[in-house]
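Read off the chains here:
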Amino acid sequence: MIQESRFVVHDLPSCRGSWRQAFGGDGPLYVEIGMGKGRFLMDMARLHPDIFFIGIEKYSSVLLRAVQKLEEEELPNVRLIRMDAEDLESVFAPGELDRIYLNFSDPWPKDRHAKRRLESRQFLARYDKILKAGGEIEFKTDNRALFDFAVEEAKEAGWDIKELTYDLHQDPGLNEGNVMTEYEERFSAQGNPICKYVIGRGGAHEKEISGR
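Residues numbered from 1 in each chain as written. Predicted model: local features only at pLDDT ≥ 70, side-chain atom pairs only at ≥ 80, totals over all residues. Heavy atoms only, no water.

Visitor: Please give an account of the pattern of salt bridges that cites residues and values.
Guide: Counting across every chain of the model gives 19 salt bridges. For Glu74, the salt bridge identified is with Arg6, shortest N-O distance 3.3 Å. Of the two residues, Glu74 is situated in the loop between α4 (60–73) and β3 (78–82) and Arg6 in the segment before α1 (12–15); the sequence distance between them amounts to 68 residues. Across the pair Lys132 and Asp98 runs a salt bridge, and its minimum N-O distance is 2.9 Å. Taken together, the residues span a long stretch of sequence, with Lys132 in strand β5 (residues 131–141) and Asp98 in strand β4 (residues 97–103) at a distance of 34 residues. Among the ionic contacts, a cluster of salt bridges with common partners joins Arg39, Asp43, Arg46, Glu73 and Glu185. (Salt bridge = Lys/Arg side-chain N within 4 Å of Asp/Glu carboxyl O. Helix = DSSP H or I, 4+ residues; strand = E, 2+ residues; numbered from the N terminus.)

Structure, rendered in C-alpha cells:
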C-alpha cells in the first residue's frame, strides 16, 4: 500500500529544490520529522490548507498507519516520506523549508547515542542548511532530560531560543492554537507537563543564507 499511495513520495532526488512544484503551488513548506501515525501532521494540514506539509517517518510499519488515514481523507497538501533523517540534505535544497516540527522524539537515553537525538547539534547543523532565513524549529516532549539536553544543544550551536516553556498546557501564550499529538494527549492526561521550544537563527546568519 505504501508503494501504491500517491501521497507517498518515492523519487526523492527529483523533488529536491522543487517540492512546491510537486504540490502544485507556492505556499510555505513545513516538515515533521518522526511523524508517527500522522495525527499532528493531518490536523495541521486541515487547519492550514494553504501550507504544504511533509511527514518523515523511518519505519514502514508506522508510516503505513498514516498512509491508511490519508487515503481515507485525501488531504491534498500532505505528502509522506519513508527515510532516515540523516539524509535530509539529499532530499531538501538549502533554504527550502520554512519550519521543522520535532514531536516526542526518541530520547536515545544512553550518552553514547546523543548524536542520534533529533535535537542534537549534529542534527541542528543539518536543519540549518535546509531551513530558509527566519525559519524555525518547534520541539515538544514530556521527557525533561531530553528537553534540557535540547536547550543546551541549541545554545551551544548558536540558535536563538524564541519561545520556551516547561509546561505548555499551562502557558496561555504558547498553548493558544496548540495542536496535540497522540503522545501529547496521552502523556498530558497522565499529568506529565509538556515542554516546548521554538528556535531559529538571526542576525548575520540570516543575511548569509538570504544572500545565496
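Here the narrative resumes, following the displayed structure.
Visitor: Tell me what's going on with the packing of aromatic side chains, and back it up with residues and numbers.
Guide: Applying the stated criterion to the full structure yields 13 aromatic pairs. The interplanar angle of 25 degrees and the centroid separation of 6.0 Å between the aromatic rings of Phe139 and Phe147 together place this pair among those described as stacked. For the residue pair Phe139 and Phe147, the accessibility class agrees, reading buried in each case. Ring-pair connections join several aromatic residues into one group, and the members of that group are Tyr30, Phe40, Phe53 and Tyr101. (Phe/Tyr/Trp six-rings, centres within 6.5 Å; stacked < 30°, edge-to-face > 60°. Buried < 20%, exposed > 50% of the residue type's maximum accessible area, 1.4 Å probe, protein only.)

Visitor: Which residues make up the environment of Asp43, and what values go with them?
Guide: Among the secondary structure elements, Asp43 is positioned in helix α3 (residues 39–47). A polar contact is formed between the side chain of Asp43 and the side chain of Arg46, at a distance of 2.4 Å. (Polar contact = N/O pair within 3.5 Å; in protein donor to acceptor, adjacent residues only side chain to side chain.)

Visitor: Go over the pairing of strand β7 (residues 195–200), please, and point to the residues and values.
Guide: It is a general feature of regular strands that their side chains alternate between the two faces of the sheet. Within β7, six of the six residues are buried, which leaves the element mostly enclosed by the surrounding structure. Alternating positions in β7 separate into two faces, Cys195, Tyr197 and Ile199 on one and Lys196, Val198 and Gly200 on the other, with burial throughout. Where β5 and β7 come together, six bridges link them in antiparallel fashion. Paired with Glu138 across the strands is Val198, a residue of β7. Judged from the five bridges that link them, strand β6 (residues 160–165) and β7 form a sheet pairing that is antiparallel. Considered in β7, the bridge of Leu164 is made with Tyr197. (Pairing = 2+ DSSP bridges.)

Visitor: Tell me about a positive patch on the surface, and name the residues and values.
Guide: Among the surface-exposed residues, Lys110, Arg112, Lys115 and Arg116 lie close enough to one another that they form a single positively charged patch. Considering the arrangement of structural elements, one finds Lys110 in the loop between β4 and α6 (121–130). (Patch = residues over 30% accessible without salt bridge, like charges linked within 9 Å, V, L, I, M, F, W, Y side chains within 5 Å. Areas by Shrake-Rupley, 256 points an atom, 1.4 Å probe, with all protein chains shown as cover. Lys, Arg positive; Asp, Glu negative; His and termini not counted. Charge placed at Lys NZ, Arg CZ, Asp CG, Glu CD.)

Visitor: Tell me about the nonpolar core, and please be specific about residues and values.
Guide: Ranked by size, the top nonpolar core spans 39 residues in total, and within it Trp19, Ile33, Phe92, Tyr127 and Ile137 carry the most contacts. Considering each element in turn, this core owes the most residues, six residues, to helix α7 (residues 144–156). Apart from the residues lying within four places of it in its own chain, the contact partners of Tyr127 are Ile33, Leu88, Ile100, Leu102, Leu118 and Ile137. One finds Ala45, Val67, Leu70 and Leu80 within the second-largest nonpolar core, a separate group that totals 20 residues. (Core = buried A, V, L, I, M, F, W, Y, C linked by side-chain atoms within 4.5 Å. Contact = heavy atoms within 4.5 Å.)

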